[in-house]
Amino acid sequence: MLNLRKHRWLAVLMVLILAGVTACSSGNKGGNDASSSSGPSSSEPAEETASEAPPAEHVDLTFMYWGSNDEKKAMESMIEAFNKSHPKITVKGEHVPGDYNTKMNTLMAANQLPDVAYLGDGLTNKWGSEGKLLDFSQYYDQYPALQNKLKASYLYTEPGKAVANFTALEVMVLYYNKEIFEESGVPVPPAEPAKAWTWDEFVTVAKQLTKDKNGKHPGEDGFDAKNIDQYGFSFGSDRGTYGPLLESNGANILDESGTKYALNSPESVDVFQKLQDLIYTHHVSPDLIQQQNMPDNHVRLQTRKVAMVLDGTWALLDLTNNKKLKWGIGVLPKLKEPKTVILAGTTVVFNSTKHPKEALEFYLYHNNPEQVDLYRTGLWMPTEEKYYTEDEAIKSWTDNEAHPPEFLQAGIEYTKGYAVKSPSTQIKNWPEINAKLAPGLDLIWTNKKSAQEALDELESQIQPLVQGRYPNE
Amino acid sequence: MKRNKSGILRMERKWGILLALPAMLGLLMFTVVPVIASFFFSITDWRIGNEMTVIGFDNYATILTEDSTFTKSLYVTTYYSLFSVPVCLTIAFLIAFLLNQKVKGLSIFRTIFYLPTIVPSIASTMLWLWLFNPDFGLLNSMLESMGFSGSRWIYDEATAIPSIVLMSTWSVGNTVIIFLAGLQAVPAHLYEAVEVDGGSGWRKFYHITIPSMTPTIFFNLVMMLIGTFQAFNQAYVMTQGGPNNSTLFYVYYLFRTAFTETKIGYASALAWILFLIVMTLTFIIFQTSKKWVHYEGGNK
């Protein structure tokens, strides 16, 4: 009796240990086996059983996304509208603030993926090429709307295999404080892409707008570079800054074959040297350390810390909400030809979903300008082609205070005719390459090395990580 | 009578196991199993989302021979540790020594020095981010008002780690408490003996306080060494490892490898190498401790 009881305890213990071990090891397999996925991630068991019901009955989907409070509100009302209009589908939105990639990686490792989710371009490419994402091209017949988006908004991991689409189109543009320009009597940055400033014109203007505490400009006698009150221009240190300029100068991160590091080519070095010169030779831009400690771009403009900033079109929302600021939008200066890049996150449908059709239905709804307010408030630009070509459609999302008149050129025309996907979105293994690239570029931004030296040194670190490029269609 | 007793024993044993079970299971599931699992992963090439194959000790070989980021992060962490541990130990000891004196409002001082330890680590890191701000941070404002030129603090390769050491001296509260307990346990008769022999305050400190405190110093040294090798928040919240990887702490690099680059196998190998490093260091300190740690009434 006593022995048996002892054994019973032992048995219970063993079972619990076993449960712990197997629970772990089944999670350890990662997303290897999509079919074994337990459906949408959910902490409520009730939902999981519901998702196992036949699709004709009722379908539960989870949708995971990041973003500001404004974005969260817009998503919540979109989800609510979707659920009302689709009685057989219930979407549960989950807003993830903070470290989104870590969260997604963990969910992937634990096989707890949502059905539909935002994703950074690096992970999209990685998981897309590993077959973890729904290939949209096989649904073109069923959902024609899937293929009427602007060509540059698709991500392909194999020719013709579109694994994702940018959630919204975002291009890099130049914003400026209108009042500063008026007071200085300097013409504002051109909005028409064909009339983009040359680099020299841009530097001249930036100098006129830079003032030290005595009101002197760079180049004038007695200019005090250590006490600058107002900078002409500020830029970030990442691909949003050097990306468009590389494109404009005909340079690239990798060479044409996509197999060789090319950031130390003369065209590319030129771009980085010009940026370094803005800070340390022309004194028209704050260095990266000052920048990191400056407020958001719209506040920099509003407080006259900076006259022009380089930012994405998503910034329209913040700029519009800042009622004290009179701002304008222009195109970036050109090096060889006017160019900008599209830089955005994607929304994907995971292959592990049990309800791809319903997921696609929601997918098409979630970035439809008729359903989501984020287009009219400035955060997003549509991906569908008609919103760039048909007057009525253009008006439907741009005829409001978030889109000043010059947006038609600096936003729409720029995107349609001059924007290419950021080269980084096509590079295989980009997250790892960037992990080496960013610290290496710090040497340029902090003036420790010239652009040529820093970019030459990076070659030996980055070349071993180069794995080629994804196709463009 | 006899049967009855064994019944109680049996019941006690049953309840004992039952009540200890949650802790045992917790240890098993959240410590033992993950440790074993991480060793297993470290000999595979598992990347999140991919098939996993066992590749033996290739990860270890790659880390030790090819990975320049590993070398850098190990250097950064060692530099931080070698700098931070002596500085923090000394400061904590001095604070504890002062707090052990008989002055008015002692409990208030004790509270003040302990307070930063209660502040959540992320919150205090955010706070220091503001203090370090080169343009309008408190530290630079103070330096400049005294006529010195400001520093770039965590934003400059050369000053990044010293700045983080400065920050770490702020939250030595726990160490202070342990030192304080140690100080109060120093037998008063030893001090009296020095006094009888006409020894000064310094002699008391040097001949009585420090030798009596060596076990406490030893304990704090080991704990702090382990702690500094696990530095993470500073890099995660303040610098993201920059500029130019000058604050790329080992654990932050490990985290980034696992969750940004999705290389769980490789990151697990990194974790085991860290474990071996910390274990070796601890072992070395234990070995040397025989020479300098004095236990009262024990083998000196």
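These figures come from a predicted structure and were not determined experimentally.

Here the structure, examined in full by the defined rule, presents 18 salt bridges over all chains. In this structure, glutamate 401 of chain A engages lysine 323 of chain A in a salt bridge whose closest nitrogen and oxygen atoms are separated by 3.3 Å. Of this pair, glutamate 401 of chain A sits in the loop between helix 15 (391-398) and helix 16 (407-418) while lysine 323 of chain A sits in the loop between helix 12 (316-321) and strand 10 (327-330), placing them 78 residues apart in sequence. Across the pair lysine 449 of chain A and glutamate 457 of chain A runs a salt bridge whose closest N-O atoms are separated by 3.1 Å. Salt bridges here are not isolated pairs; linked through shared partners, they connect Glu432 of chain A together with Arg47, Glu261 and Lys263 of chain B.

All names here are of chain B. On the surface, Val119, Ile122, Met126, Leu127, Trp130 and Trp170 cluster together into a nonpolar patch covering about 530 Å² of accessible area. Summarising the element assignment, tryptophan 170 is placed in the loop between helix 7 (157-168) and helix 8 (173-184). With relative accessibility at 30%, the residue tryptophan 170 sits in the partly exposed group.

For the rest of this paragraph, the subject is the UniProt feature "domain: ABC transmembrane type-1" (unreviewed entry) in chain B. Residues annotated by UniProt as "domain: ABC transmembrane type-1" (unreviewed entry) correspond here to residues 74-285 of chain B. Within residues 74-285 of chain B, the helical portion is 75% and the strand portion 0%, while the C-alpha atoms at the span's ends are 19 Å from each other.

Residues and elements named next belong to chain A. Pairing within the open sheet is mixed, and its 6 strands lie in the order 2-1-3-12-5-4. The sheet is open, and its two edges are formed by strand 2 (89-95) and strand 4 (154-158), each paired on a single side. Strand after strand, the sheet turns through a mean of 30° between neighbouring axes, direction not considered. Of the pairings in the sheet, the one linking strand 1 (residues 59-65) to strand 2 comprises 7 bridges and is parallel in character. Bridging across to strand 2, tyrosine 65 finds its partner in histidine 95. The strands that helix 4 (residues 100-109) touches are strand 1, strand 2 and strand 3 (116-119); relative to strand 3, the one it contacts most, it runs at about 135°. Strand contacts of helix 5 (residues 121-129): strand 3, strand 4, strand 5 (161-166) and strand 12 (346-349), with the helix running at about 35° to strand 4, the strand carrying the most contacts.

This part covers helix 9 (residues 266-280) of chain A. Residue and element names in this part refer to chain A. Taking 1.5 Å as the rise per residue, helix 9 with 15 residues should run 21 Å; its terminal C-alpha atoms sit 20 Å apart, in good agreement. Within the sequence span of helix 9, burial applies to Ser268, Val269, Val271, Phe272, Leu275, Gln276, Leu278 and Ile279. Contacts made by the buried residues of helix 9 are with helix 7 (199-209), strand 8 (228-234), helix 8 (239-248), helix 10 (288-292), helix 17 (430-445) and helix 18 (451-462).

About the thresholds
Throughout this document, residue positions are counted from 1 along each chain, in the order its sequence is written. Naming scheme: in the order in which they are written, chains are lettered from A and ligands are numbered from 1. It should be noted that, the model being predicted, local features are given only for residues of pLDDT at least 70 and side-chain atom pairs only at 80 or more, the latter also being counted only at that level, while totals for whole chains, interfaces and linings use all residues. Excluding hydrogens and water, the side-chain values take into account all heavy atoms of the structure. Throughout this description, the term salt bridge denotes a Lys or Arg side-chain nitrogen within 4 Å of a carboxyl oxygen of Asp or Glu. A run of H or I in DSSP becomes a helix once it reaches four residues, and a run of E becomes a strand once it reaches two; helices and strands are each numbered from the N terminus. Grouping into patches uses exposed residues only, defined as over 30% relative accessible area, and leaves out salt-bridged ones; the cut-off is 9 Å for like charges and 5 Å for nonpolar side chains (Val, Leu, Ile, Met, Phe, Trp, Tyr). For the accessible areas, the method is Shrake-Rupley and the probe is 1.4 Å, while residue cover comes only from the protein chains on display. For the exposure calls, accessible area comes from a 1.4 Å probe over protein chains only, and a residue counts as buried if that area is under 20% of its type's maximum, exposed if over 50%, partly exposed in between. UniProt positions are given in the numbering used here, feature names are shortened, and annotations may be inferred rather than shown by experiment. Two strands qualify as a pair provided DSSP detects at least 2 bridges between them. Here, axes are lines fitted to C-alpha atoms. For helices the fit covers the stretch in contact, and angles between N-to-C directions go from 0 to 180 degrees. Whether two residues are in contact is decided by their heavy atoms, any of which lying within 4.5 Å being enough. To estimate how far a helix should extend, the number of its residues minus one is multiplied by 1.5 Å.

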